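# Observations on chain architecture
Letter by letter, the chains look like this.
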2 protein chains.
Amino acid sequence: MTRGRPKKVGRPEGQTNLSDKLLDAAELLFAEQGYSGTALRQVADKLDVNPAMTAYYFKNKENLFREVFLRRGLVVARQRLERLAALSAEGSHTVEDLARAFLEPSAQLMGTRQGRAFLRLHARLHMEPEAFSYALRREVYDESTRAYAQAFHRLLPQATELQIFQKVSLMVGAYLYAFSDTNRLAELAKSQNATDDLLDTTVAFVVGGFLSVKG
Amino acid sequence: MTRGRPKKVGRPEGQTNLSDKLLDAAELLFAEQGYSGTALRQVADKLDVNPAMTAYYFKNKENLFREVFLRRGLVVARQRLERLAALSAEGSHTVEDLARAFLEPSAQLMGTRQGRAFLRLHARLHMEPEAFSYALRREVYDESTRAYAQAFHRLLPQATELQIFQKVSLMVGAYLYAFSDTNRLAELAKSQNATDDLLDTTVAFVVGGFLSVKG
DNA sequence: AAATTAATTAATTGCATGAATAATAAACGG
DNA sequence: CCGTTTATTATTCATGCAATTAATTAATTT
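None of the values given here were measured: they were computed from a predicted structure.

This part takes up the relation of the copies chain A and chain B. For these two chains of identical sequence, chain A goes onto chain B by a turn of 180° and a shift of 0.0 Å along the axis, with RMSD 0.0 Å. Within this description, the copies of the chain are treated as partners about a two-fold rotation axis. Interface overlap between copies is the fraction of interface residues in one copy that are interface residues in the other; for chain A against chain B it reaches 100%, indicating a shared surface.

This is how it looks when you write it as structure tokens:
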């Protein structure tokens, strides 16, 4: 099974960019199998590299996960804040503008294999109350999510703060599940077209959700 | 640490109902730590019982998980189908009726600790593409979810089948995430009041989502 | 070109885990 | 009351895993 010649020991010639490759491999495996379900050995095997390399670049398993998550999570969080700032600068905006600004940075990730892996990873992380994953989510997303909650509340002043938070939760759950949906739809139809379509449907769903009133 | 007298070997006097207790303990641990993150030893330790008891009652880890999931999952699926049948029998119904019929059986689970654990378990399962969890979800929920998709489509004939499936996905993601939300809101406000309130908000959100149109 | 640093493999350590088996004791059936 | 079944603990075993250290070789610095 993929038995290559015995690897030469010592530093190889040229450069390998192994650090990035390890992040990619770990991203795929964590997304598919979860944190506990993934062995560092599997990550190394995927690149036909010695398991000790994970420790060399990332110290330990927890830190590897952390860096995988931060790599894309910080980008999404920053893009969200930038788009919100842009809307605020423009003057007036709608609930749909807000929803789209929040969702598009994530929706873009559906376009690539690694991006889809990150979406699954993120969706999975949201379900894990383990100490460090909690802290990680908060570190990356808390600021931008709070900013959007405030922005939604400004457009919907009749709602209570609790309701706004509930609706933001519903929005997050909806998009995470739909975007990271590994099954059915997304698997066969992962063209850019299908991505756009799902984004549009999700924006429409979320806008309807925010505008609807109870009772 | 909780060091009791050395346990007596052999069958204990009276009956212990250990099988059910193991399901409860496993439900809590699987919900908190996931499948791979939970050791059978932890389950046994929680009841101060020998680890071999898990094998005695449930053969192996996979089967234990399966039985944990089936125990409540089948109840929810059956309740959904019954409520859908009741609506159909009554004659006409609204999108809100459908949403409520779909969501209430799950919302009830928010009222108890074990129920909340199951909701987390379920949310987590939805993210796991591992072979057996896939099959399990399908086995339990496929029939009822398809029935609701058809029912929604009958009320919204202008939508495509793909859009209906996308919206059902969004609904499922939204409620799973919001109901199993271990953080913030739900933790402090888990009174029956808060449960009803979240259910109402969720129904309203979902109704708005289904009725809204793109573009 | 010598010394130092960087990047890799090899080998080992210690611990946790799932599973299996044997031993023991109560309950149950005739 | 005697044999069988049921429910439990004790013990063991092989595996897998994360982490550490030593050895090795290329690259970089001086």
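Moving on from the model shown.
Within the structure, DNA strand C sits among 27 residues, and Thr16(A), Asn50(A), Tyr57(A), Gly10(B) and Lys61(B) are positioned closest to it. Near the protein, meaning within 4 Å, the atoms of DNA strand C are sugar or phosphate in a fraction of 75%, with bases accounting for the rest. Contact distances for DNA strand C include 2.6 Å between a phosphate oxygen and a side-chain N or O atom of Tyr57(A). Take Arg11(B): an N or O atom from its main chain is 3.0 Å from a sugar or linking oxygen of DNA strand C.

What follows concerns helix 7 (residues 131-155) of chain A. Between its first and last C-alpha, helix 7 of chain A extends 35 Å over 25 residues, near the 36 Å set by a 1.5 Å rise per residue. Along its length, helix 7 of chain A reaches its greatest deviation from straightness, about 55°, at Tyr141(A).

With the rule as written, the count across this model stands at 29 aromatic pairs over all chains. Their ring planes at 80° and their centres at 6.1 Å tell us that Phe102(B) and Tyr175(B) sit as a pair that is edge-to-face. Taken as a pair, Phe102(B) in helix 5 (residues 95-109) and Tyr175(B) in helix 8 (residues 161-179) lie far apart in primary sequence, 73 residues in all. Judged by its relative accessible area of 1%, Phe102(B) is buried. In textbook terms, an aromatic cluster arises when at least three aromatic residues are bridged by ring pairs, as seen for Phe152(A), Phe205(A), Phe210(A), Phe152(B), Phe205(B) and Phe210(B). Against the face of Tyr35(A) rests Lys61(A), its NZ or CZ located 4.7 Å from the ring centre. Here the basic side chain of Arg80(A) rests over the ring of Phe102(A), its NZ or CZ set 3.8 Å away from the ring centre.

Close to DNA strand D lie 29 residues; Leu40(A), Lys7(B), Thr16(B), Asn50(B) and Tyr57(B) are nearest. Protein-proximal atoms of DNA strand D, defined as those within 4 Å of the protein, fall in sugar or phosphate at a share of 73%. Here a sugar or linking oxygen of DNA strand D sits 3.0 Å away from a polar atom, N or O, in the main chain of Arg11(A). One nitrogen or oxygen atom from the main chain of Leu40(A) is found 2.8 Å from a phosphate oxygen belonging to DNA strand D. Among the elements of the structure, helix 2 (40-46) and helix 3 (52-58) of chain A together with helix 3 (52-58) of chain B are those that each provide at least two residues to the surface near DNA strand D. Tallying contributions element by element places helix 3 of chain B first for the surface near DNA strand D, with 4 residues. A per-class count over the surface near DNA strand D returns 14 nonpolar, 7 polar and 8 charged.

We now examine the side chain of Thr38(A). Residue and element names in this part refer to chain A. Residue position: Thr38 is located in the loop between helix 1 (18-33) and helix 2. The buried category is assigned to Thr38, whose relative accessible area is 2%. A distance of 3.1 Å separates a polar atom in the side chain of Thr38 from the backbone oxygen of Leu29. Once you skip the residues sitting within four places of it in the chain, Thr38 turns out to touch Leu29, Phe30, Gln33, Val43 and Lys61.

What follows is about helix 6 (residues 113-125) of chain A. Residues three or four positions apart in an α-helix share a direction because the helix packs 3.6 residues into each turn. Residue and element names in this part refer to chain A. An ideal rise of 1.5 Å per residue puts 18 Å on 13 residues; helix 6 measures up with 18 Å between its terminal C-alpha atoms. Among the 13 residues of helix 6, 11 are classified as buried, and the element is accordingly described as predominantly covered. Listed in full, the buried residues belonging to helix 6 are Gln114, Gly115, Ala117, Phe118, Leu119, Arg120, Leu121, His122, Ala123, Arg124 and Leu125.

So, on to the interface of chain A and chain B. Each partner contributes residues to the interface: chain A has 47 residues there, and chain B has 49 residues. Buried surface at the junction of chain A and chain B, both sides included, amounts to about 4,100 Å², of which 64% is carbon and sulfur. At the boundary of chain A and chain B, one finds 2 salt bridges. The shortest N-O distance in the salt bridge between Asp197(B) and Lys214(A) comes to 2.7 Å. At the boundary of chain A with chain B, the tally comes to 12 residue pairs in polar contact (both at pLDDT 80 or more). For the side of chain A that touches chain B, the secondary-structure elements that each account for two or more residues are helix 1, helix 6, helix 7, helix 8 (161-179), helix 9 (184-188) and helix 10 (192-211) of chain A.

All names here are of chain A. For chain A, the assigned domains are domain 1 (18-58) and domain 2 (72-211). Every contact between the two is made by 9 residues of domain 1 and, on the other side, 9 residues of domain 2. Overall, the association of domain 1 and domain 2 removes approximately 900 Å² of surface from exposure, summing both partners, and the carbon and sulfur fraction of that is 52%. Taken as a group, Glu27, Leu28 and Ala31 account for 59% of the area that domain 1 buries against domain 2, more than any other trio of residues on that side. Residue classes in the side of domain 1 that touches domain 2 are distributed as 4 nonpolar, 2 polar and 3 charged.

On to the packing of helix 5 of chain B against helix 7 (residues 131-155) of chain B. Residues and elements named next belong to chain B. One can describe the packing of helix 5 onto helix 7 by two numbers: an axis separation of 10 Å at closest approach and a directional angle of 170°. Taken as axis vectors, helix 5 and helix 7 run roughly antiparallel relative to one another. Two packed elements cross with a definite hand, and for helix 5 against helix 7 that hand is left-handed. Contacts between helix 5 and helix 7 involve Val95, Leu98, Ala99, Ala101 and Phe102 from the former and Tyr148, Ala151, Phe152 and Leu155 from the latter.

Each value, and the rule that gives it
Residues numbered from 1 in each chain as written. Chains lettered and ligands numbered in written order. Predicted model: local features only at pLDDT ≥ 70, side-chain atom pairs only at ≥ 80, totals over all residues. Heavy atoms only, no water. Least-squares fit on C-alpha atoms with pLDDT ≥ 70 in both. Contact = heavy atoms within 4.5 Å. Near = heavy atom within 4 Å. Polar contact = N/O pair within 3.5 Å; in protein donor to acceptor, adjacent residues only side chain to side chain. Helix = DSSP H or I, 4+ residues; strand = E, 2+ residues; numbered from the N terminus. Expected span 1.5 Å × (residues − 1). Bend = angle between axes of the 7 residues up to and from the residue. Phe/Tyr/Trp six-rings, centres within 6.5 Å; stacked < 30°, edge-to-face > 60°. Buried < 20%, exposed > 50% of the residue type's maximum accessible area, 1.4 Å probe, protein only. Lys NZ or Arg CZ within 6 Å of the ring centre and 35° of its normal. Nonpolar A, V, L, I, M, F, W, Y, C, P; charged D, E, K, R; others polar. Buried area = accessible area lost by both parts, 1.4 Å probe. Salt bridge = Lys/Arg side-chain N within 4 Å of Asp/Glu carboxyl O. Domains from an automatic or database assignment. Axes fitted to C-alpha atoms, helices over the stretch in contact; angles between N-to-C directions. Parallel < 35°, antiparallel > 145°, perpendicular 65-115°, else oblique. Left-handed = near helix turned anticlockwise from the far one by under 90°.

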